[in-house]
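Structural characterization, general
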Amino acid sequence: MKKSEAINLAKAKLPDRRFQHSCRVADTAVQMAKIFGANEKKCFLAGMLHDYAKYDDLKGMQKIVKKFHLAPEYLQFKSEILHGPIAAHIMKTEHGVTDADVLYAMENHTSGRSNMTLVEKIVFVADYIEPRREIPGVKGIRKVVFGEKNLDKAVFLITKANLLHLISKDRMIFSKTFECYNYYSNIKE
Ligand SMILES: [Fe+2]
Ligand SMILES: [Fe+2]
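In short, a report on the structure. (Residues numbered from 1 in each chain as written. Chains lettered and ligands numbered in written order. Predicted model: local features only at pLDDT ≥ 70, side-chain atom pairs only at ≥ 80, totals over all residues. Heavy atoms only, no water.)

Moving on, we get to the overall build of the chain. When helices and strands are counted, the chain shows 10 helices and 0 strands. For a compact globule of 189 residues, the expected C-alpha radius of gyration is about 16 Å, and the chain comes in at 15 Å, within 12% of that figure. Judged by the C-alpha coordinates and their principal axes, the chain covers about 40 × 40 × 30 Å. Each of the 189 residues in the chain was classed as buried or not, and the buried ones make up 48%. Pairs at least 24 residues apart make up 64% of the contacts formed inside the chain by residues separated by at least 6 positions. About 9,600 Å² of surface is accessible on the chain, with carbon and sulfur atoms providing 52% of the total. (Helix = DSSP H or I, 4+ residues; strand = E, 2+ residues; numbered from the N terminus. Rg over C-alpha atoms; globule rule 2.2 N^0.38 Å. Buried < 20%, exposed > 50% of the residue type's maximum accessible area, 1.4 Å probe, protein only. Contact = heavy atoms within 4.5 Å. Areas by Shrake-Rupley, 256 points an atom, 1.4 Å probe, with all protein chains shown as cover.)

Further remarks concern the coordination of the iron ion (ligand 1). Looking at the metal site, the iron ion (ligand 1) is ligated by Asp-51 (OD), His-83 (NE2) and His-109 (NE2), spaced 2.0 to 2.2 Å from it. All donor residues of the iron ion (ligand 1) come from one chain, and their arrangement in sequence is D-x31-H-x25-H. The two metals, the iron ion (ligand 1) and the iron ion (ligand 2), are separated by 3.5 Å and share Asp-51 as a common coordinating residue. Separated by 32 residues along the polypeptide, Asp-51 in the loop between α3 (40–49) and α4 (58–67) and His-83 in helix α5 (residues 79–94) bring together distant segments of the chain. Owing to a relative accessible area of 2%, Asp-51 belongs among the buried residues under this scheme. (Donors = N, O, S within 2.8 Å, 3.2 Å for Na, K, Ca; no water.)

Here we take up the side chain of His-109. Along the polypeptide, His-109 turns up in the loop between α6 (100–108) and α7 (118–129). Side chain to side chain, His-109 and His-83 meet in a polar contact 3.0 Å long. A distance of 2.9 Å separates a polar side-chain atom of His-109 from the backbone oxygen of Met-106. Not counting the four nearest positions on each side in its chain, His-109 is found in contact with His-50, Asp-51, His-83, Gly-84, Phe-124 and Asp-127. (Polar contact = N/O pair within 3.5 Å; in protein donor to acceptor, adjacent residues only side chain to side chain.)

Right, let's talk about the nonpolar core for a bit. In this structure, Met-32 and Val-125 are the most contacted members of the largest nonpolar core, which totals 59 residues. At 9 residues, the largest contribution of residues to this core is made by helix α2 (residues 16–36). (Core = buried A, V, L, I, M, F, W, Y, C linked by side-chain atoms within 4.5 Å.)

So, about the coordination of the iron ion (ligand 2). Donor atoms from the polypeptide that coordinate the iron ion (ligand 2) comprise His-21 (NE2), His-50 (NE2), Asp-51 (OD) and Asp-127 (OD), at 2.2 to 2.3 Å from the metal. Bound by 4 donor atoms, the iron ion (ligand 2) shows angles of 81 to 173° at the metal and therefore irregular coordination geometry. Spacing between the donor residues of the iron ion (ligand 2) along the chain follows H-x28-H-D-x75-D. (Tetrahedral: all angles 85-135°; square planar, octahedral: opposite > 155°, others 65-115°.)

Attention now goes to the packing of aromatic side chains. Each aromatic ring pair is described using two quantities: the centre-to-centre distance and the angle formed by the ring planes. All told, the structure shown has 4 aromatic pairs when counted by the stated rule. Ring plane angle 15° and centroid distance 5.3 Å describe the contact between Tyr-74 and Phe-174, whose orientation is recorded as stacked. Highlighted residues: Tyr-74 in the loop between α4 and α5 and Phe-174 in the loop between α9 (151–168) and α10 (175–187), separated in sequence by 100 residues. Classification of Tyr-74 by relative accessible area gives buried; the value is 4%. Taken together, the ring pairs connect Tyr-74, Phe-77 and Phe-174 into an aromatic cluster. Lys-13 extends its terminal NZ or CZ atom over the ring of Tyr-52, reaching a point 4.0 Å from the ring centre. (Phe/Tyr/Trp six-rings, centres within 6.5 Å; stacked < 30°, edge-to-face > 60°. Lys NZ or Arg CZ within 6 Å of the ring centre and 35° of its normal.)

Another aspect to go through is unusual backbone geometry. One non-glycine residue, His-69, lies in the positive phi region at around 55°. By secondary structure assignment, the location of His-69 is in the loop between α4 and α5. Positioned with a positive phi, Lys-149 is a non-glycine residue whose angle comes to about 55°. When its relative accessible area of 48% is taken as the criterion, Lys-149 is described as partly exposed.

Dropping the structure here:
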């Protein structure tokens with residue numbers, strides 16, 4: 001897929017505010033690709049399209065999970081987890097995206113997972129640290145990425161923050177989020 005095609009798809013589908021976020025994630029991911037030696041185009045495409053299914057109807061997404069035999073655990077979660085795997089599914093089946101890095105990055109940006117690919121880690125982190133994000137602790141994570149240049153530590157800190165947030169609200173935790181936390185807690189230094 002060409003970059004222009006990804007931009008047009010995101011622009012046509014998403015509200016402007018979310019489209020602008022997608023542009024910032026794509027740009028941040030490209031900036032990070034230069035630092036960490038990743039494929040810039042893959043980072044751009046996955047960044048631009050990661051939230052493509054963000055506002056899709058939950059029932060429709062659940063139908064896709066059942067029809068295409070995606071992980072049944074997805075049915076226990078709402079859009080916050082589902083919009084990643086559904087975006088990857090739509091890009092694969094309707095728009096001819098075949099690159100595994102790009103698909104994994106879209107799929108797992110909502111949860112992380114253990115042993116992510118480089119592109120996957122970059123998009124996961126870029127989504128959290130893009131310049132307009134004002135989440136508590138985000139400045140420290142930007143320093144870990146652009147100062148310490150420690151991508152695995154950034155993945156760990158983001159996953160830890162996500163877990164703490166979910167637990168503080170008595171929310172369920174998707175298994176891949178736990179797996180991500182455990183995996184990166186061991187290799188972050
Ligand atoms: Fe998202
Ligand atoms: Fe996002």
